[in-house]
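Descriptive structure summary
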Amino acid sequence: MGKQMEFCLGRPIQGGVAIGRIRVFQRREDQIRRRDIQDTQAEIARVEMAREEASRQLDALYRETCESAGRAQASIFLAHKMLLEDEAYLESIYGMIRKERVNAEYAVTVSGILFSDTFAAMEDARMRARSADVRDVSGRLVRLMEGAKEEPLKAGPPAILLAEDLSPSETVRLKTEGLLALVLQKGAAGSHTAILARALDIPALVQTEIKPPLARYDGMLAVVDAQSGRLILEPDKELLSQMEEKKRRLEREREDLRFWIGKENVSAGGRRMEILANIGSLEELGQAVENDAGGIGLMRTEFLFLGRDTYPAEEEQVAAYREAIGSMPGKPVIIRTLDLGADKQESYLGLPREENPAMGCRAIRLCFQRQEMFRTQLRAICRAAAQGSCSILLPLIVSVEEIRLVRQLLAEVGAELQKRAIPYAIPSVGAMIETPAAALISAELAREVDFFSIGTNDLAQYTLAADRQNPGLEGMYSRSHPAVWRLIQMTVENGHKAGIPVSICGELASDPGLVRTFLDLGVDALSVVPASVLPLRRALWSA
Ligand code: PEP
Ligand code: MG
């Protein structure tokens, strides 16, 4: 009997058509299998060996992090070490192995989940924060027992990746080679995960109506038609050939876009508006060059901090910033300082659990709290700036004092580098206008900075009180709300009165249908995912 064709609707966040087999991504924890074992002592000995090695690893992480980010940040690893000694946790693991005669990986994973859930339900915020720590420690023990390294998420042979959801930190680990398309059962179009997925420049759907368990889709032949927002499972011959034709047509259209490479960014009426690229990885830097971007308008530096176990060293950061500057000779490179927190979490960062993380200690606020981490990043940018010019962009600004503090820190970092005879340059400084507060005081802010970049993703979220992560609010999280437009207009006017340029780097900028409006508002530049650069240039020419 032939397999039944199935259609699932999804919300496209990046267009295109892909045809291939599905590969289901499941979190490591979900992949641990229960096995019956005979020799309980041997299993306990495996846990013991993993504990010893984990303890050595955590000591090393503590030392490295003390150097790169300071003792306060490193203390997370001491907390993890303490968990390795926690009697109740160990008793749970050993008890399960002895009583249920199960393999060590399973006992560690299940105990980790039990303890983590218990912590998560506690009143005390500090206790709740330990929930992620237990899972982290359990994961480390299991990896050691399996002899596995922290693996990037692989799609293996060319495949359509299907997942319930991905966090930003999982998305940056995605191995894009061989990834044909991305389909998420959950996910919101305005989330950072969606932005990262969009930048992969492959067809992508979120909120796809697939029925669990996901595992049943593994290996199925599928078509992702992100033009019409459909995932088609086991397509019949006729549909498959239609889709192949559609895919070829889209590829031809893409090829035609190359005509715009090397062309000026000017409108039909002769007005210039720069078109730059947003990047969230060094791979995307390559795409920005390929798509002839006029520079990097937003380098989301979080990618250097996510998908790993410890802070990146200063040298690693310098190398990444230099690569961006070196790839864009004579063009602007705008490096945004760390925008961690809210949905951008990694357990080594030890970020406290907050009731309202989007309005919590994220972005520049976190940087001010973690001065070692921030100074290290500023130092790395100043060192890279000695090689070619670049600018700094500050996220989530709400006051002029924040800008002044950054300028003071930059001066201190510069003096320190000078003393050590290390070449450096102080970059120009811009503010992201992504809070209503920043837009409303843009006249005052404009006197303190060298440029503005409007982050419409957060600006819309905070203006409309509509969580960008919440799929149920997407109707509200609207591009056409007059309140958001009014704040954009106010920012452009105030920026220009003070003689500084104003660009837009939120997702709104990538809509070719809005180019005319941006021109009328007097926006100086747009910064978008690399794949949107040429379509925008084409739209600009006829605007
Ligand atoms: C924005 O908020 O519009 C923005 C560009 O920043 P991010 O999407 O990284 O929060
Ligand atoms: Mg933002």
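Note that this is a predicted model, so its numbers are computed, not measured.

Around the barrel, which closes on itself, the eight strands sit in the order β9-β10-β11-β12-β13-β14-β15-β16 with parallel pairing between neighbours. Neighbour to neighbour, the strand axes of the sheet diverge by 25° on average, direction disregarded. Bridge analysis of strand β9 (residues 274-279) against strand β10 (residues 296-300) gives three bridges, and the strand direction is parallel. Residue pairing for β10: Ala277 is matched across the bridge by Ile296.

Turning our attention to the packing of aromatic side chains. A complete count under the given rule lists seven aromatic pairs for this structure. Summarising the aromatic geometry, the rings of Trp260 and Trp541 are spaced 5.4 Å apart at their centres and angled 65° between planes, so their arrangement reads as edge-to-face. With a gap of 281 residues between them, Trp260 in the loop between α9 (237-257) and β9 and Trp541 in helix α20 (residues 533-541) connect regions that are remote in the sequence. Relative to Tyr348, the ring of Tyr311 has its centre 5.1 Å away and its plane inclined at 80°; by these criteria the two rings are edge-to-face. Highlighted residues: Tyr311 in the loop between β10 and α11 (314-327) and Tyr348 in the loop between β11 (333-336) and α12 (363-369), separated in sequence by 37 residues.

Moving on, we get to the nonpolar core. With 119 residues, the main nonpolar core has Ile296, Phe452, Ile488 and Phe518 as its most contacted residues. With eight residues, helix α13 (residues 371-385) is the single largest residue contributor to this core. When residues of this core are assigned to domains, at least three map to each of domain 1 (1-238) and domain 2 (261-541). Each residue touching Phe518, except ones within four places of it in the same chain, is listed here: Met273, Trp485, Ile504, Leu508, Ala509, Val523 and Leu526. The next biggest cluster of nonpolar side chains, apart from the first, holds 18 residues, and it includes Val24, Leu162, Met220 and Leu233.

Further remarks concern the sheet that holds strand β1 (residues 6-9). In spatial order, the strands read β1-β8-β7-β3-β4-β5-β6-β2; together these eight strands make up an open sheet with mixed pairing. Where the open sheet ends on each side, the last strands, each with one partner, are β1 and β2 (11-14). Taken pair by pair, the neighbouring strands of this sheet meet at an average axis angle of 30°, ignoring direction. Across the face of the sheet, helix α8 (residues 192-199) comes into contact with β2 and β5 (179-184) while running at roughly 60° to β2. Lying on the sheet, α9 is in contact with β1, β3 (17-25), β7 (221-225) and β8 (230-233); it crosses β3 at an angle near 110°.

A separate point is the environment of Glu209. With respect to the helices, strands and loops of the structure, Glu209 is situated in the loop between β6 (204-206) and β7. Aside from chain neighbours lying at most four places away, what touches Glu209 is Cys8 and Leu9.

This part is about α13. Along its 15 residues, α13 runs 20 Å from first to last C-alpha, staying within 8% of the 21 Å computed at 1.5 Å per residue. Burial of α13 is extensive: 13 of the 15 residues sit out of reach of the surface.

The rules we used
Residues numbered from 1 in each chain as written. Chains lettered and ligands numbered in written order. Predicted model: local features only at pLDDT ≥ 70, side-chain atom pairs only at ≥ 80, totals over all residues. Heavy atoms only, no water. Pairing = 2+ DSSP bridges. Helix = DSSP H or I, 4+ residues; strand = E, 2+ residues; numbered from the N terminus. Axes fitted to C-alpha atoms, helices over the stretch in contact; angles between N-to-C directions. Phe/Tyr/Trp six-rings, centres within 6.5 Å; stacked < 30°, edge-to-face > 60°. Core = buried A, V, L, I, M, F, W, Y, C linked by side-chain atoms within 4.5 Å. Buried < 20%, exposed > 50% of the residue type's maximum accessible area, 1.4 Å probe, protein only. Domains from an automatic or database assignment. Contact = heavy atoms within 4.5 Å. Expected span 1.5 Å × (residues − 1).

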